[in-house]
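Understanding the architecture of this molecule
For reference, the chains in residue letters:
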Amino acid sequence: MSSHDLTPYHFDLLAQFLREESGIILKPESSYSLRAKLQPLAQEWGFDGLNDLVDHIHRRRHNPEVVGVLLNALTIKETSFFRDTRPFDVLRRRILPDLAAHRGNRELKLWSAASSTGQEAVTLAILLQQVLPGERANRSLVVGTDVSEQALARARKAVYSKLEVERGLSPEMLMRFFEPVAEGYRPSQALRRMIRYQSLNLVNTDFPLSQFDVVMCRNVLIYFDDEGKRQALDTIYRRMASDGYLVTGAGEDPHRVDSRFQRVLVDGLQCFRKAPPG
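The model shown is predicted, which means the values in this text are computed figures rather than measured ones. (Residues numbered from 1 in each chain as written. Predicted model: local features only at pLDDT ≥ 70, side-chain atom pairs only at ≥ 80, totals over all residues. Heavy atoms only, no water.)

A look at unusual backbone geometry
Of note in the backbone geometry, Ser116 takes a positive phi value of approximately 50° without being a glycine. Among the secondary structure elements, Ser116 is positioned in the loop between β1 (109–112) and α6 (119–131). Residue Ser116 is classed as buried on the basis of its relative accessible area of 2%. At Asn219, a residue that is not glycine, the phi angle is positive and equals roughly 55°. (Helix = DSSP H or I, 4+ residues; strand = E, 2+ residues; numbered from the N terminus. Buried < 20%, exposed > 50% of the residue type's maximum accessible area, 1.4 Å probe, protein only.)

Structural notes on the pairing of strand β6 (residues 212–217)
The element β6 is extensively covered by neighbouring structure, given that six of its six residues are classed as buried. Of the strand pairs in this sheet, β6 and strand β7 (residues 240–248) are connected by five bridges, and their pairing is parallel. When the bridges of β7 are listed, Val215 appears paired with Leu246. Chirality of the crossover, the property in question, places the unit of β6, helix α12 (residues 226–238) and β7 among those that are right-handed. (Pairing = 2+ DSSP bridges. Right-handed = clockwise from strand over helix to strand, strands pointing away.)

A look at the nonpolar core
Grouped burial of nonpolar side chains is what soluble globular proteins tend to show. Of all hydrophobic cores here, the largest spans 46 residues; its most connected members are Trp111, Leu202, Ile236 and Leu246. Among the secondary structure elements, those contributing two or more residues to this core are α1 (8–22), α2 (31–44), α3 (50–59), α4 (64–75), β2 (141–146), β6, α12 and β7. It is α1 that provides the largest number of residues to this core, a total of six residues. Counting residues in hydrophobic clusters, the runner-up holds 42 residues, among them Leu91, Val122, Val142 and Tyr245. (Core = buried A, V, L, I, M, F, W, Y, C linked by side-chain atoms within 4.5 Å.)

A look at the pattern of salt bridges
Taken as a whole and assessed by the stated rule, the structure comprises 20 salt bridges. The salt bridge partner of Glu120 is Arg218, with a shortest N-O separation of 3.2 Å. Pair noted here: Glu120 is in helix α6 and Arg218 is in the loop between β6 and α12, with a separation of 98 residues, a long-range link. Close ionic contact of Glu164 with Arg154 constitutes a salt bridge, the shortest N to O distance being 3.1 Å. Note that Glu164 is positioned in helix α9 (residues 162–166) and Arg154 in helix α8 (residues 149–157), a separation of 10 residues in sequence. When its relative accessible area of 22% is taken as the criterion, Glu164 is described as partly exposed. (Salt bridge = Lys/Arg side-chain N within 4 Å of Asp/Glu carboxyl O.)

Here it is, written out as structure tokens:
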């Protein structure tokens, strides 16, 4: 075994730590990607191998800085604007107009529950600007949460490279909703005012916000075991409006672990809503 491989003991130690801190489950088949994510951190901190790094993390597991750096290394996900376009098409055509019609003149509130570096939250703000009249859109709210402080810092900075904006944004969208800056492109002031970011661990915490009309939690539940799924879904359930929508990844089924959610199809898109009481 090379110094770049984790012993079974160290893998279990790291898996237990990550489960306790974030609810994420490490699987043995993820060892290759785990090594790729941890090796730069081991080199940065001056350790010869990953086992020494894990020993250090275990000794310092109560240090918030160490915990934060590790979660940053392991949880920042690849993302893009309008990633997997179908959910956003259905939101634009059906879900947001229907919700807007039932809300009178009230603003809408959307939650990107694993917002990473902010592209999904910005996408949701764009949809609100496209669907709602100007002033009503400006009063609406998009909340982006993530367990990674490093990802949230990038999201709050809200500057994206030319390559990042070209992934998912048409030239027309780029011209309408972004402005050029020295480092690339930044969402317009109107979009930035609609978005709020904050740190949140879905399985361990709650936060004092009113209920959301739409919750986006795509390809997140797959990283949790059933208990972690139940905890995350309980957080989401308590923060969903009674007639709100939960949008998950295609292979995720909240109803399987929490019967308070019922599956619905909207123009062929799988969504989840609160089941009727009783």
